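# Close look at the chain arrangement
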2 protein chains.
Amino acid sequence: MADYPPTVRELLAAMRELPSIGPRSAERLVLFLLEETKGTKERLARLLQAAGTRVHPCTRCGFYAEEELCELCRDPVRDPLLWCVVASPGDVLRIERASAFRGIYHVLGRKLSPLDGVGPEEIPTGLLLARIEREHPREIILALGTDAEGEATALYLGQILKKTGSRISSLATGLPAGGGLEFADSVTLSYALAGRREL
Amino acid sequence: MADYPPTVRELLAAMRELPSIGPRSAERLVLFLLEETKGTKERLARLLQAAGTRVHPCTRCGFYAEEELCELCRDPVRDPLLWCVVASPGDVLRIERASAFRGIYHVLGRKLSPLDGVGPEEIPTGLLLARIEREHPREIILALGTDAEGEATALYLGQILKKTGSRISSLATGLPAGGGLEFADSVTLSYALAGRREL
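Our subject in this report is the structure included herewith. (Residues numbered from 1 in each chain as written. Chains lettered and ligands numbered in written order. Predicted model: local features only at pLDDT ≥ 70, side-chain atom pairs only at ≥ 80, totals over all residues. Heavy atoms only, no water.)

Right, let's talk about the packing of aromatic side chains for a bit. Considering all chains together, one arrives at eight aromatic pairs over all chains under this definition. Look at Phe101(A) and Tyr105(A): their rings are 5.2 Å apart centre to centre, the planes differ by 65°, and that puts the pair in the edge-to-face class. The same class applies to Phe101(A) as to Tyr105(A), namely buried. An aromatic cluster of at least three residues, connected via ring pairs, comprises Tyr4(A), Phe63(B) and Tyr64(B). Cation over ring: Arg131(A) sits above Trp83(A), and NZ or CZ is 4.0 Å from the ring centre. (Phe/Tyr/Trp six-rings, centres within 6.5 Å; stacked < 30°, edge-to-face > 60°. Buried < 20%, exposed > 50% of the residue type's maximum accessible area, 1.4 Å probe, protein only. Lys NZ or Arg CZ within 6 Å of the ring centre and 35° of its normal.)

Below you can see the structure in the form of structure tokens.
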């Protein structure tokens, strides 16, 4: 059985390393790229190269930056004493898109996950504590998600951060917006009941 | 609202130009690439660049090649007088994977599509006729698909190729393998009836 030439086969293999790209998607993408003549191939190649060299973690908060500090840390309007601790750089923009937070961030980089061999000693608490020591935030909101890893990490961080003197809080759990009770699982419902608010 | 740094934003935009990659998929791919440290970014960049410079159409049949002739045209075991005319390079491998054809190919490059402004004069019949003139194939199988464009192109090519003296045939239409009648639409069923074979 014949196959594509070597470069095309290697490109297919590299595409299949991307998340949720199976053999069929990889082939569709590669055939599109081989046929297109608008320079998308060359532009993608250049930007992938640039992403590897120009984009790095912000030295203060760990979000993506091309200068020393990221756009968020350089923004003079944001409240520098209200922090939000998130697990990954992508989470920063998820919160930004809600347009409900005007503080700054701290990207932890990982969550506790004993099954994947990530124990407490792998969580970079030293960096976070040193930054708290320097900047003395008023409040630190833990936004690590409600999966087992996120909750364990929040519990662990909460114990450590209590000693810093900052107020430590965590995102509310409850019903997601825009759906009836039929869309909520029983764990979410029990959180929503326990966290009920007076009207 | 904050956003990713410029290089990341441009990379997201380039990813979104790929087929069936929406904003969410693009973000998942780009965040994966920014986090990975195994060199996938650099390898993809290099291979995209190489695909643009090293991969070109086989001068004989139009399939992808890195040398002058593609792997299929260089294979001495294949029957050089049995041809299969397909619309795109991807179709060559679709037929190869069926392991049922041992001839060689001719990639037409496009199908008749009046709605997209592709009329008969846009179909590169000159190249095909010149190749037939040189190589005198015994049989030419048209494998252009059963959509309106494929059938129109086969009808048009059939008329032109009849004069060449080669036997001209077309892939059978009928029930797809592995399904009951309930999975076949009525047009497919009518083709299957018209093309019924004696047992």
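After that view of the structure, there is still more to cover.
Let us look at the nonpolar core. With 80 residues, the main nonpolar core has Phe63(A) and Phe63(B) as its most contacted residues. Among residues more than four places away in sequence, those in contact with Phe63(B) are Asp3(A), Tyr4(A), His56(B), Pro57(B), Cys58(B), Cys70(B), Leu72(B), Pro89(B), Val92(B), Leu93(B) and Val107(B). (Core = buried A, V, L, I, M, F, W, Y, C linked by side-chain atoms within 4.5 Å. Contact = heavy atoms within 4.5 Å.)

Residue and element names in this part refer to chain B. Taken across its five residues, strand S5 (residues 139-143) has five buried, putting it largely inside the fold. Residues Glu139, Ile141 and Ala143 point to one face of S5 and Ile140 and Leu142 to the other, with burial holding for every one of them. Bridge count for strand S3 (residues 79-86) against S5 is five bridges, and the pairing is parallel. Bridge pairing in S5 places Leu82 opposite Glu139. Where the polypeptide runs from S5 across helix H7 (residues 148-161) and back to strand S6 (residues 167-170), its parallel neighbour, the crossover connection is right-handed. (Helix = DSSP H or I, 4+ residues; strand = E, 2+ residues; numbered from the N terminus. Pairing = 2+ DSSP bridges. Right-handed = clockwise from strand over helix to strand, strands pointing away.)

Attention shifts here to the sheet that holds S6(B). All names here are of chain B. With respect to topology, four strands assemble into an open sheet ordered S4-S3-S5-S6, the strand pairing being parallel. At either margin of the open sheet sits one strand with a lone partner, and together these are strand S4 (103-107) and S6. Taking the axes of each pair of neighbouring strands and ignoring which way they run, one obtains an average angle of 30° across the sheet. Here S3 runs beside S4; their pairing, made up of five bridges, is parallel. Directly across from Asp79, in S4, lies its bridge partner Gly103. (Axes fitted to C-alpha atoms, helices over the stretch in contact; angles between N-to-C directions.)

Residues and elements named next belong to chain B. Look at helix H1 (residues 6-16) against helix H2 (residues 23-35): their axes get within 9 Å of each other, and the N-to-C directions meet at 130°. One way to sum up the angle between H1 and H2 is to call them oblique. Remark: the crossing between H1 and H2 carries right-handed chirality. Where H1 approaches H2, its residues Val8, Leu11, Leu12, Met15 and Arg16 are matched on the opposing element by Pro23, Ala26, Glu27, Leu29, Val30, Leu33 and Leu34. Taken together, the residues of the contact of H1 with H2 break down into ten nonpolar, no polar and two charged. (Parallel < 35°, antiparallel > 145°, perpendicular 65-115°, else oblique. Left-handed = near helix turned anticlockwise from the far one by under 90°. Nonpolar A, V, L, I, M, F, W, Y, C, P; charged D, E, K, R; others polar.)

In this section: the interface of chain A and chain B. Facing the 52 residues of chain A at the interface are 53 residues of chain B. When chain A packs against chain B, the two sides together hide about 5200 Å² of surface, and 66% of this comes from carbon and sulfur. Our count for the contact surface shared by chain A and chain B stands at four salt bridges. Between Arg97(A) and Glu27(B) there is a salt bridge whose closest N-O contact spans 3.0 Å. (Buried area = accessible area lost by both parts, 1.4 Å probe. Salt bridge = Lys/Arg side-chain N within 4 Å of Asp/Glu carboxyl O.)

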